[in-house]
Amino acid sequence: LQEAQEAEAGLVVPSSTFDTKYPTPMAAALKNISSITRHWVRLSTMEQEMAAIFNNIPSDLADKVNLLTRETVCKASFNYLLLDPRLTQNLPMRVFSSSDQELWRTFLAAIFYVGKGSRSRPFQHLYEAIKIQKSQAKKKVSEKIRKIHEVWEEDKGVVVVQVFQN
C-alpha cells in the first residue's frame, strides 16, 4: 500500500529505463529521491570530515603542493552547471508546490553543461555565444552554444550555478 501511495504522489517511479541509462546511485535517486535524502546526516558528516583535512595544511606541505601543481593550496577553481530556464521555470519558487522527486528530476533535466573553471569561466561560454551570434558565420556550432542561442531566442537567460568550490 505504501509503494502505491508513493508512486501516486510521484515519489517513486517504476521504470527500468533509469537502470540502463544511468549509474546505479543516480538511477536509484531518479526512481526515489529518498535513496539520497534518508542519508543526509551521514553524508553531511562525511563531507565535513573530508573537508576538515584541508582546513589546516602545514606551510611546508603547502609549498610542496604549490611547486607540483598549477594551482596553489588555496584553490580558486570550482565546478559549475549551465541550466535551461525553460525547464527549471524558477525552480526555487516551486519548492512549496512540487514534490522533492519532481524538483530533483527537473533540476537534472535542465542541466545542459557541466564545467570546471575559475573566475569568470562560466560566463566565457556566454561571451563565446554572443561572438558567434554577432558574426553570423556559417561554421559548425557546439551543442552547448546552440542551446544557449535557443534559450536567448525565447528571451530567457541561461542559469549558471556554481556547485563545488575547491
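Here is a short report on the structure shown in this document.

Here is what the cut-offs are and how they apply
- Residues numbered from 1 in each chain as written.
- Predicted model: local features only at pLDDT ≥ 70, side-chain atom pairs only at ≥ 80, totals over all residues.
- Heavy atoms only, no water.
- Phe/Tyr/Trp six-rings, centres within 6.5 Å; stacked < 30°, edge-to-face > 60°.
- Helix = DSSP H or I, 4+ residues; strand = E, 2+ residues; numbered from the N terminus.
- Buried < 20%, exposed > 50% of the residue type's maximum accessible area, 1.4 Å probe, protein only.
- Lys NZ or Arg CZ within 6 Å of the ring centre and 35° of its normal.
- Core = buried A, V, L, I, M, F, W, Y, C linked by side-chain atoms within 4.5 Å.
- Salt bridge = Lys/Arg side-chain N within 4 Å of Asp/Glu carboxyl O.
- Pairing = 2+ DSSP bridges.
- Axes fitted to C-alpha atoms, helices over the stretch in contact; angles between N-to-C directions.
- Contact = heavy atoms within 4.5 Å.
- Expected span 1.5 Å × (residues − 1).
- Arc of directions from axis to C-beta.

Quick look at the packing of aromatic side chains now. Counted by the stated rule, this structure contains two aromatic pairs. Aromatic side chains Y80 and Y113 sit 6.3 Å apart centroid to centroid with 40° between the ring planes, which places their arrangement in the tilted category. Pair noted here: Y80 is in strand β1 (residues 77–83) and Y113 is in strand β2 (residues 111–118), with a separation of 33 residues, a long-range link. Take Y80: its relative accessible area is 1%, and that puts it in the buried class. Residue classification places Y113 among the partly exposed positions, given a relative accessible area of 24%. Among the aromatic residues, ring-to-ring pairing joins F78, Y80 and Y113 into one connected group. Taking the ring centre of Y113 as reference, the NZ or CZ of K144 above it sits at 4.7 Å.

Turning our eyes to something else, we now look at the nonpolar core. Judged by nonpolar contacts, F78, Y80, L82, F112, L126, A129, I132, I145, I148, V151 and V158 together constitute the single largest core of eleven residues. Contributing elements (two or more residues each) for this core: β1, α9 (121–135) and α10 (143–153).

Okay, the pattern of salt bridges next. Following the criterion strictly, the structure yields six salt bridges and no others. The partner of R86 in a salt bridge is E150, with the nearest N and O atoms 3.6 Å apart. Residue R86 is found in helix α7 (residues 85–88), and its partner E150 is found in helix α10; the two are separated by 64 residues along the sequence. Residue class for E150 comes out partly exposed when judged on its relative accessible area of 25%. Each of the salt bridges in this network shares a partner with another, and the network as a whole consists of D84, R86, E143, R146, E150 and E154.

Another point: the sheet that holds β1. Backbone hydrogen bonds hold the strands of a sheet together, and the pairing may be parallel or antiparallel. Read from one edge to the other, the open sheet built from three strands follows the order β2-β1-β3, with strand pairing classed as antiparallel. At either end of the open sheet lies a strand with only one pairing partner, and these are β2 and β3 (159–165). Within this sheet the neighbouring strands show an average axis-to-axis angle of 25°, counted without direction. Pairing of β1 with β3, which is carried by six bridges, proceeds in the antiparallel orientation. By the bridge assignment, F78 is partnered in β3 with Q165. Most of the contacts of α9 go to β1, to which it runs at about 40°, and overall it touches β1, β2 and β3.

With 15 residues, α9 should reach 21 Å at 1.5 Å per residue; the first-to-last C-alpha distance of 21 Å fits that figure. Where α9 is concerned, the buried positions are P122, H125, L126, A129 and I132. Within α9, the buried residues cover an arc of 125° as seen down the axis, which keeps them to one side. On the buried face of α9, the contacting elements are β1, β2, α10 and β3. Of the residues one or two after α9, Q136 is the one with positive phi, at around 50°.

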